[in-house]
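Overview (structure and organization)
Here's the letter readout for the chains.
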Amino acid sequence: MLPKRPSPGLTFCAFYLASYLTNKYVLSVLKFTFPTLFQGWQTLIGGLLLHISWKLGWVEINSNSRYAILAFLLFSQLFISFISIGSFCLSRLSIPVFFTLHNASEVIVCLYQKCISKELTAPAKIWSAVFLLVATGCLPFYDSQFDPVGYFWAAIHLFCVGCYKILHKAQKSSVLSDIDQQYLNYIFSMVLLAFASHPTGDLFRALEFPFLYFYRFHTSCCASGFLGFFLMLSSVKLKNSMAAAQHTAWIFFAKVMTAGFSILLFDTVLDIAMVAWTQDIQKAKEHARKRAAHWSINYCTRVVVVCPSFSKRTMPSGR
């Protein structure tokens, strides 16, 4: 069910669509395949705009907890890894395939919760993870534009995304808000990617880029930086303004819309079998989240009904 005031969701979808299509244009059409420079530029623009917003009082950033900032270094390393690798993958894979492989990071999260942390996991979520794993493994056989290099780095990308989600969920008592974490990600990414551009060779190879002095390259890079920043702000606002199920529904809608427009705008070849696989993966993820939420509510209700004495001791008194 959509919220009564869908403006945050529609704003998020608009920036999501524009951001991914712009990035795809720069990476695949203009072929600016230098991840350290492209992502370094985006994090530079995002960090500057977020810092200006902080100084103007538009957002609140907590920079007093040094221990929390140092502890967040591992998060930032994973963030740098998956945005850089994701940029490279997006340049070689179509957007529908990239989204499908990106969604498979939920399998890593489910495996961690079930096998390592021993958390109570809904059966629907487990079966959905199994289906995601099988469907993602079969996807290359139906991809008429199969790129083994792109799929290899996509596997590393989804592993980094899954590890980032696991650490983010494990850090329940963090004093850093979503804006704080994104601000630190911007700063660490900007610095590390700037230093990495020289040893990786991106800095010197970019000097030979054929569209280096063309206005369409400059405007596209500027647009990607600003759109990425506004996408981050709209994502944080969307997350804080509605329930988790509604937030997930808006992300699902944004991905489907972006994938559909990408087929019309870019050279993407999808046969019927591949479209079916992609849709099944998206539907399985959405269905699993709804079933998991429904299962959790039913389980809690049974605990309260079966163990009234326990519920009375654990439930707050309301005073």
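Source: prediction; values computed, not measured.

**Observations concerning the packing of helix H1 (residues 7–29) against helix H5 (residues 95–103)**
Direction vectors running N to C along H1 and H5 enclose 115 degrees, while the axes themselves pass 12 Å from each other. With respect to H5, the element H1 is oriented roughly perpendicular. At the point where H1 passes H5, the crossing takes the right-handed sense. Mapping the contact onto sequence places Tyr16, Tyr20, Leu21 and Lys24 in H1 and Ile95, Phe98 and Phe99 in H5. In the contact of H1 with H5, the residues fall into six nonpolar, no polar and one charged.

**Things to note about the pattern of salt bridges**
Under the definition given, this model contains four salt bridges. A salt bridge links Asp178 to Lys239, with the shortest nitrogen-to-oxygen separation between them at 3.6 Å. Of the two residues, Asp178 sits in helix H9 (residues 178–196) while Lys239 sits in helix H11 (residues 215–241), which places them 61 residues apart along the sequence. With a relative accessible area of 23%, Asp178 lands in the partly exposed category. With a closest N to O distance of 2.5 Å, Asp202 and Arg205 form a salt bridge. Here Asp202 pairs with Arg205, and both are found in helix H10 (residues 202–205), just three residues apart, close to one helical turn. We classify Asp202 as buried; its relative accessible area is 4%.

**Examining helix H12 (residues 244–265)**
A rise of 1.5 Å per residue sets the reference length of H12, with its 22 residues, at 32 Å; its end C-alpha atoms lie 32 Å apart and thus fit the reference within 8%. Buried within H12 we find His247, Thr248, Trp250, Ala254, Lys255, Thr258, Ala259 and Ser262. Down the axis of H12, the buried set is contained in an arc of 165 degrees. They therefore lie on one face. Away from its buried face by more than 90 degrees, H12 exposes Ala245 and Leu264.

**A closer look at the state of the cysteines**
With the rule as written, the count across this model stands at zero disulfides. Cysteine Cys110 is unpaired, with the sulfur of Cys115 as its nearest cysteine sulfur at 8.1 Å.

**Let's talk about the packing of H9 against H11**
Following both chains from N to C, one finds H9 and H11 inclined at 155 degrees, their axes separated by 11 Å at the closest point. The angle between the axes of H9 and H11 places the two elements in the roughly antiparallel class. When you trace H9 past H11, the crossing you get is right-handed. Mapping the contact onto sequence places Asp178, Ile179, Gln182 and Tyr186 in H9 and Gly228, Phe229, Met232, Leu233, Val236, Lys239 and Asn240 in H11. A breakdown of the residues in the contact of H9 with H11 according to their chemical character gives six nonpolar, three polar and two charged.

**A few points about the confidence of the model for the chain**
The share of residues in the chain with pLDDT of 70 or more is 80%, and the mean pLDDT across the chain is 80. Below a pLDDT of 50 lies the segment residues 292–319, which in the model reaches nine contacts outside its immediate sequence neighbourhood of four places, other chains included.

Procedures and definitions
Residues numbered from 1 in each chain as written. Predicted model: local features only at pLDDT ≥ 70, side-chain atom pairs only at ≥ 80, totals over all residues. Heavy atoms only, no water. Axes fitted to C-alpha atoms, helices over the stretch in contact; angles between N-to-C directions. Helix = DSSP H or I, 4+ residues; strand = E, 2+ residues; numbered from the N terminus. Parallel < 35°, antiparallel > 145°, perpendicular 65-115°, else oblique. Left-handed = near helix turned anticlockwise from the far one by under 90°. Contact = heavy atoms within 4.5 Å. Nonpolar A, V, L, I, M, F, W, Y, C, P; charged D, E, K, R; others polar. Salt bridge = Lys/Arg side-chain N within 4 Å of Asp/Glu carboxyl O. Buried < 20%, exposed > 50% of the residue type's maximum accessible area, 1.4 Å probe, protein only. Expected span 1.5 Å × (residues − 1). Arc of directions from axis to C-beta. Disulfide = S-S within 2.5 Å. pLDDT = per-residue confidence, 0-100.

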